[in-house]
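Structural overview
Residue strings, one per chain:
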Protein chains: 2
Amino acid sequence: MNSAATSPFVAACIDAIGAAHVLTDPHDTAPFLTDWRRRYTGSACAVLCPSTADEVAALVRLANEHRVSIVPQGGNTGLAGGATPDASGAQAVLSLKRLNRVRDVDPHNNTITVEAGVVLADIQARAEAAGRLFPLSLAAEGSCSIGGNLSTNAGGTGVLRYGNTRELCLGLEVVTPQGELWDGLRGLRKDNTGYDLRDLFIGAEGTLGIITAAVMKLHPQPAARVTALAALPSPHAALDFLSLAQRHAGPLLTGFELMSDFCLQLVGKHFAQMRYPFAQRHAQIVLLELSDSESEEHARALFERLMETALEDNLVEDAVVAENLAQSKAFWNLREHIPLAQAEEGLNIKHDIAVPISRIGHFIDETDAAIAKAVPGARMVTFGHLGDGNLHYNVQAPEGVDAKAFLAQYQSAMNQIVYDSVHRHRGSISAEHGVGQLKIDEAAQYKSDVEVRLMKTLKAAFDPLNLMNPGKVLR
Amino acid sequence: MNSAATSPFVAACIDAIGAAHVLTDPHDTAPFLTDWRRRYTGSACAVLCPSTADEVAALVRLANEHRVSIVPQGGNTGLAGGATPDASGAQAVLSLKRLNRVRDVDPHNNTITVEAGVVLADIQARAEAAGRLFPLSLAAEGSCSIGGNLSTNAGGTGVLRYGNTRELCLGLEVVTPQGELWDGLRGLRKDNTGYDLRDLFIGAEGTLGIITAAVMKLHPQPAARVTALAALPSPHAALDFLSLAQRHAGPLLTGFELMSDFCLQLVGKHFAQMRYPFAQRHAQIVLLELSDSESEEHARALFERLMETALEDNLVEDAVVAENLAQSKAFWNLREHIPLAQAEEGLNIKHDIAVPISRIGHFIDETDAAIAKAVPGARMVTFGHLGDGNLHYNVQAPEGVDAKAFLAQYQSAMNQIVYDSVHRHRGSISAEHGVGQLKIDEAAQYKSDVEVRLMKTLKAAFDPLNLMNPGKVLR
């Protein structure tokens, strides 16, 4: 044990939850001190692993007593450093991993009640076993936990139809910064009896309290999911096509993903087995997904009618509807290989942005032009959840230029071009990844003084001692 | 003009927005001082009618200067007295009626940006003109305004598929209690750059600030809406049938309303032209609505398959699918005549409650039994949005007993039986009507100390002078 283990705070934590669950050995704590992207490494007086909400509350009361600040952590898969402590060694990481019980599945209410540490994929599986769908789905689903999903209001691939994590939550259990337990675990679709505390804790990244459990919404299992691809000349055409697709399919349309030609070139270059899906190249490809409550045949017929209309109207240049489940998966595979292909191509400057859906074409045109002017030859890896107005808008070094040197030289200039453009279009500089420590200054910079003041008012009112994840979301 | 008109505050308001828009004559102010149900009448130093958000902000700054409290009011159709001033005559009503511009319709973004005073039916019409659906729909839609809908988080008939007003809002413009203007008018599906201020103002009934404009979500227009009726032996059977209907129809199911036999008896008694829809009487009838993006034929075929399965499984006793639009409307008409019929029958004790959907059968069984024990012969008018877990659970005097005397004697005892039962089932005592001044004590009584403290913390932090609609939502 290192010397920190003997501090009165750590000793009190050991008394509260047992020595086995208060980690201080560097070998044990290391996995909790570096973020998933290995961008941040911090230090901690201890990593606390309580197993119940009451234990979490007891630890937070001790933190108050000893004025130790707490960094809550779920699956440690965040992309903005929100769960990594600072370098002081004075903070304690509080891992929610042992709060991993599914407390209740209620198919008639279409809800599941889960503790914060339950892994997302386990919730999906429990829902499926009950004949229901838990639609939150994202790359880290095998290791991220629902408490982290809630604290960062995670997005993912089902937002077009089912919303973000926020829209999937009905109730919360939270330990307040004073170490009280708030039982807001309501499984209600309607409740107008006071202020909306739930949505205040969602997306607050642990700075207003610690989420220990949640009631999440389930949906009926669709009978079939079918995908299709459409080739289009521009993002502007993709917008018109989105309107048409929504008119045809209404809420059955669950995916609408944009992939620029350069994205598919990268996929083809680095994954030779991935076949380009059309006979000729096209500027943009859109992947559509239908989740149908009737049958695969019904979904395919609907897609075919949609594509026929879109071809007749010259909205799309070509289209292909998946013939079977294997082909549906192959189309998604193309989309999922884009992040892998861009990683193979070398580091790039990443932006997770959102603009009003109607502005996407203009945003891409204007921002592409500004970047081309600043760095001739810069290659744009543009793809993402067009149906949500959310793009992964990444800048790759010009052909032949060293990626690391490019990042060192251009990262901050590129960020400014992109974020200024986002701001002009009334967009968001962090659509689905949160603020954490990564974007803390930019987030404040693009907000009005009034909004920053309101946020600080909230933080000061809830956490006057600034013990809950300080240095995240806002300074 | 009365003497209040000459107060320094009123004089300053006249300077700010003009004498024509500062009402002090009792004849002019009267319509703003009594609530829609005529349950509360208050007094006011003036009724202020600004026409822009900047004017609202200026008036709130004056209210701060002169320590005058403000009661915001929209269409004055609320059911909980939330927009009626107290009797002191010291408060000012601030009417949002003149903030009635539609600022923007963006079909590609599926959004409409409206000022707080725009009437709900006008938003529906503007959406329809743009080929879109604004799905919020409720009885007062011809006179209520969106600012009031947002401030009370109104529910209505489309919640099963489209959510409450909260779920239909993407962004807000709000005048803070200090008279600053917060521009949070974002039309984004994804934005994780800070605390969720939007949802804090929604449902706060004007106690944390004044909503002056909002970006609301639009949906694709369905190609057809078709209704059907199913006869069932009990609310328990209705729950099983709801699961089956959701499996068959998924998100196309937009309505699932329960009507007990006594409700339909009342409709038949007071509206002789309304025909009972089945050959034999049944304990419960459910009205279902499908909103189909394909066609009326497709919806009817889907309904017929569903009803066939439900009849085969002995889940429903009888069923009828509307043959055409007129019959679809006639079925809704039955449902809409229940409140009218119960009014004809005489005053009753009303409860707007929600429980988890899976608890509805047990809630009705247990609460019916407790009421029958307390008042033998009391007649239960039980109907509502079963798909949302929201019941209008109303107690009518026993046959032949004077309604007024019954209310005077039993109202508080009945409320306690119903609310205690709601609380046991982890429900809400105000599902869609809000707290206002009507339920301010009950709302606090059934909340935990922690929750009341958190709400008071929020109120004190945002509005330390307690000038924004004091005496509403919480004391």
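Residues numbered from 1 in each chain as written. Chains lettered and ligands numbered in written order. Predicted model: local features only at pLDDT ≥ 70, side-chain atom pairs only at ≥ 80, totals over all residues. Heavy atoms only, no water.

Quick look at the sheet that holds strand S8 (residues 169-175) of chain B
All names here are of chain B. On the basis of which strands lie adjacent, the open sheet formed by 5 strands has the order S5-S6-S10-S8-S9 and antiparallel pairing. This sheet does not close on itself; its edge strands, each paired only once, are strand S5 (102-106) and strand S9 (181-184). Adjacent strand axes in the sheet meet at a mean angle of 10 degrees, parallel and antiparallel pairs treated alike. Against the sheet, helix H3 (residues 53-66) contacts S5, S8, S9 and strand S10 (210-217), and its axis sits at roughly 45 degrees relative to S8. (Pairing = 2+ DSSP bridges. Helix = DSSP H or I, 4+ residues; strand = E, 2+ residues; numbered from the N terminus. Axes fitted to C-alpha atoms, helices over the stretch in contact; angles between N-to-C directions. Contact = heavy atoms within 4.5 Å.)

Concerning the UniProt feature "domain: FAD-binding PCMH-type" (unreviewed entry) in chain A
Residues annotated in UniProt with the feature "domain: FAD-binding PCMH-type" (unreviewed entry) correspond here to residues 40-221 of chain A. For residues 40-221 of chain A, the helix share is 21%, the strand share is 24%, and the end-to-end C-alpha distance is 39 Å. (UniProt positions renumbered as here; feature names shortened; annotations may be inferred.)

Here we look at helix H10 (residues 296-312) of chain B
Residue and element names in this part refer to chain B. With 17 residues, H10 should cover 24 Å at 1.5 Å per step; its first-to-last C-alpha distance of 24 Å lies within 8% of that length. Every buried residue of H10 is accounted for by His-298, Ala-299, Arg-300, Leu-302, Phe-303, Leu-306, Met-307 and Ala-310. Where H10 terminates, the next one or two residues include Asn-314, which has phi positive at roughly 60 degrees. (Expected span 1.5 Å × (residues − 1). Buried < 20%, exposed > 50% of the residue type's maximum accessible area, 1.4 Å probe, protein only.)

Brief notes about the relation of the copies chain A and chain B
The two copies are related by a screw motion: chain A maps onto chain B through a turn of 180 degrees and a shift of 0.0 Å along the axis, at an RMSD of 0.0 Å. Expressed as an axis order, the relation between the two copies is that of a two-fold axis. Counting the interface residues of chain A, we find that 100% of their copies in chain B are interface residues as well, pointing to one common contact surface. (Least-squares fit on C-alpha atoms with pLDDT ≥ 70 in both.)

Structural notes on the interface of chain A and chain B
Each partner contributes to the interface: chain A provides 89 residues, whereas chain B provides 89 residues. Counting the surface lost from both chain A and chain B, the interface buries some 7,200 Å², and carbon and sulfur atoms represent 53% of this. Interface area lost by chain A to chain B is led by Lys-190, Asn-192 and Tyr-195 of chain A, which between them contribute 15%. In this assembly, chain A and chain B are joined by 14 salt bridges. Of the charged contacts in the structure, one is a salt bridge between Arg-186 of chain B and Glu-451 of chain A, with a shortest N-O distance of 2.5 Å. The interface formed by chain A and chain B holds 55 residue pairs in polar contact (both at pLDDT 80 or more) in total. The set of elements that each furnish at least two residues to the side of chain A that touches chain B consists of helix H6 (159-162), strand S9 (181-184), helix H7 (197-201), helix H8 (235-249), helix H10 (296-312) and helix H15 (449-462) of chain A. Among the elements that make up the side of chain A that touches chain B, the one with the highest residue count is H15 of chain A (10 residues). (Buried area = accessible area lost by both parts, 1.4 Å probe. Salt bridge = Lys/Arg side-chain N within 4 Å of Asp/Glu carboxyl O. Polar contact = N/O pair within 3.5 Å; in protein donor to acceptor, adjacent residues only side chain to side chain.)

Let's talk about the pairing of strand S12 (residues 224-232) of chain A
All names here are of chain A. Extensive coverage of S12 is indicated by the burial of 8 of its 9 residues. Note: S12 against strand S14 (residues 284-292), 9 bridges, orientation antiparallel. Note that in S14 the partner of Ala-224 across the bridge is Asp-292. Sheet analysis places S12 next to strand S15 (residues 318-321), joined by 4 bridges and oriented antiparallel. Bridge pairing links Ala-230 to Ala-319 in S15.

Quick notes on the pattern of salt bridges
Taken as a whole, this structure holds 44 salt bridges over all chains when the rule is applied. In this structure, the salt-bridge partner of Asp-196 of chain A is Arg-166 of chain B, at a minimum N-O distance of 3.0 Å. Of this pair, Asp-196 of chain A sits in the loop between S9 and H7 while Arg-166 of chain B is found in the loop between helix H6 (159-162) and S8, placing the two residues in two different chains. One exposure class covers both Asp-196 of chain A and Arg-166 of chain B, and it is buried. In this structure, the salt-bridge partner of Glu-304 of chain B is Arg-300 of chain B, at a minimum N-O distance of 3.2 Å. With Glu-304 of chain B and Arg-300 of chain B both in helix H10 and 4 residues apart, the pair spans about one turn of that helix. The exposure class of Glu-304 of chain B is partly exposed, given its relative accessible area of 38%.

Some details on the side chain of Ser-95 of chain A
Residues and elements named next belong to chain A. Residue placement: Ser-95 occurs in strand S4 (residues 92-95). Using a relative accessible area of 2% as the deciding quantity, one classes Ser-95 as buried. Looking at Ser-95, its side chain comes within polar contact range of the main-chain nitrogen of Lys-97, at 3.2 Å.

Observations concerning the packing of aromatic side chains
All names here are of chain A. All chains considered together, the criterion is met by 12 aromatic pairs over all chains. Through pairs of rings, three or more aromatic residues link up here, namely Trp-182, Phe-201 and Phe-462. The aromatic ring of Tyr-276 is capped on one face by Arg-281, whose charged end is 4.4 Å from the ring centroid. (Phe/Tyr/Trp six-rings, centres within 6.5 Å; stacked < 30°, edge-to-face > 60°. Lys NZ or Arg CZ within 6 Å of the ring centre and 35° of its normal.)

Here we look at unusual backbone geometry
Residue and element names in this part refer to chain A. The residue Asn-76 is not glycine, and still its phi comes out positive at about 55 degrees. Considering the arrangement of structural elements, one finds Asn-76 in the loop between strand S3 (70-73) and S4. Residue class for Asn-76 comes out buried when judged on its relative accessible area of 14%. The phi angle at Val-473 is positive, at roughly 70 degrees, despite the residue not being glycine. Structurally, Val-473 is set in the segment after H15.

Overview of the environment of Pro-85 of chain B
Inspection of the secondary structure assignment puts Pro-85 of chain B in the loop between strand S3 (70-73) and strand S4 (92-95). The contacts of Pro-85 of chain B, once residues within four sequence positions are left out, are Phe-32, Leu-33, Gly-42, Ser-43, Ala-44, Val-71, Gln-91 and Val-93 of chain B.

Topic: the side chain of Arg-300 of chain B
Residues and elements named next belong to chain B. Relative accessible area serves as the criterion here: at 19%, Arg-300 is assigned to the buried category. At 2.3 Å, the side chain of Arg-300 forms a polar contact with the backbone oxygen of Ala-322. The residues touching Arg-300, leaving out its near neighbours within four places in the chain, are Val-226, Val-321, Ala-322 and Glu-323.

Focus on the sheet that holds strand S1 (residues 22-23) of chain A
Spatially, 4 strands are ordered S1-S2-S4-S3 (chain A) in an open sheet, and the strand pairing comes out mixed. The sheet is open, and its two edges are formed by S1 and S3 of chain A, each paired on a single side.

A few points about the domain arrangement of chain A
Residue and element names in this part refer to chain A. According to the domain assignment, chain A consists of domain 1 (3-95), domain 2 (102-220), domain 3 (222-337) and domain 4 (346-435 + 444-460). A C-alpha centroid distance of 33 Å is found between domain 1 and domain 4. Each partner contributes to the roughly 270 Å² buried at the junction of domain 1 and domain 4, and carbon and sulfur atoms together form 54% of this total. Area buried by domain 1 at its contact with domain 4 is led by Arg-37, Leu-79 and Ala-80, which between them contribute 89% of it. On the surface where domain 1 and domain 4 come into contact, there are 0 salt bridges. Across the contact surface, domain 1 and domain 4 share 0 residue pairs in polar contact (both at pLDDT 80 or more). Across the side of domain 1 that touches domain 4, the residue classes tally to 2 nonpolar, no polar and 2 charged. (Domains from an automatic or database assignment. Nonpolar A, V, L, I, M, F, W, Y, C, P; charged D, E, K, R; others polar.)

A short note on the nonpolar core
Among the nonpolar cores identified, the biggest contains 104 residues, and Phe-241 and Leu-288 of chain A together with Phe-241 and Leu-288 of chain B are the most heavily contacted of them. Leu-288 of chain B has contacts with Val-226, Thr-227, Ala-228, Ala-230, Phe-241, Ala-245, Leu-253, Gly-255, Phe-256, Phe-303, Leu-306 and Met-307 of chain B, leaving out every residue within four places of it along the chain. Core analysis: the second largest hydrophobic core is formed by 75 residues, Ile-123, Leu-200 and Leu-474 of chain A together with Leu-208 of chain B among them. (Core = buried A, V, L, I, M, F, W, Y, C linked by side-chain atoms within 4.5 Å.)

Some thoughts on the environment of Asn-153 of chain B
You can see Asn-153 of chain B is positioned in the loop between helix H5 (146-151) and H6. In sequence terms Asn-153 of chain B and Leu-242 of chain B are 89 residues apart; their C-alpha atoms lie 25 Å from each other. When near neighbours in sequence (up to four residues on either side) are disregarded, Asn-153 of chain B contacts Asn-192 of chain A together with Asn-164, Thr-165, Arg-166, Ile-202 and Gly-203 of chain B. A polar contact is formed between the side chain of Asn-153 of chain B and the backbone nitrogen of Thr-165 of chain B, at a distance of 3.5 Å. Among the polar contacts made by the side chain of Asn-153 of chain B, one reaches the main-chain amide nitrogen of Arg-166 of chain B at a distance of 2.9 Å.

Details of the packing of H8 of chain A against helix H12 (residues 360-374) of chain A
Two packed helices can be described by the angle between their axes and the distance between those axes. Residue and element names in this part refer to chain A. One way to put it is that H8 packs onto H12 with a least axis distance of 8 Å and a crossing angle of 170 degrees. By the criterion of interaxial angle, the relationship of H8 to H12 is roughly antiparallel. In this structure, H8 uses Pro-235, His-236 and Leu-239 to contact H12, whose residues at the interface are Gly-361, His-362, Ile-364 and Asp-365. The residue makeup of the contact of H8 with H12, split by class, is 3 nonpolar, 3 polar and 1 charged. (Parallel < 35°, antiparallel > 145°, perpendicular 65-115°, else oblique.)

What about the state of the cysteines?
Residues and elements named next belong to chain B. Enumeration over the complete set of coordinates arrives at 0 disulfides over all chains. Here Cys-45 is not disulfide-linked; the sulfur of Cys-13 is the nearest cysteine sulfur, at 7.2 Å. Overall, Cys-45 belongs to the buried group, its relative accessible area being 8%. (Disulfide = S-S within 2.5 Å.)

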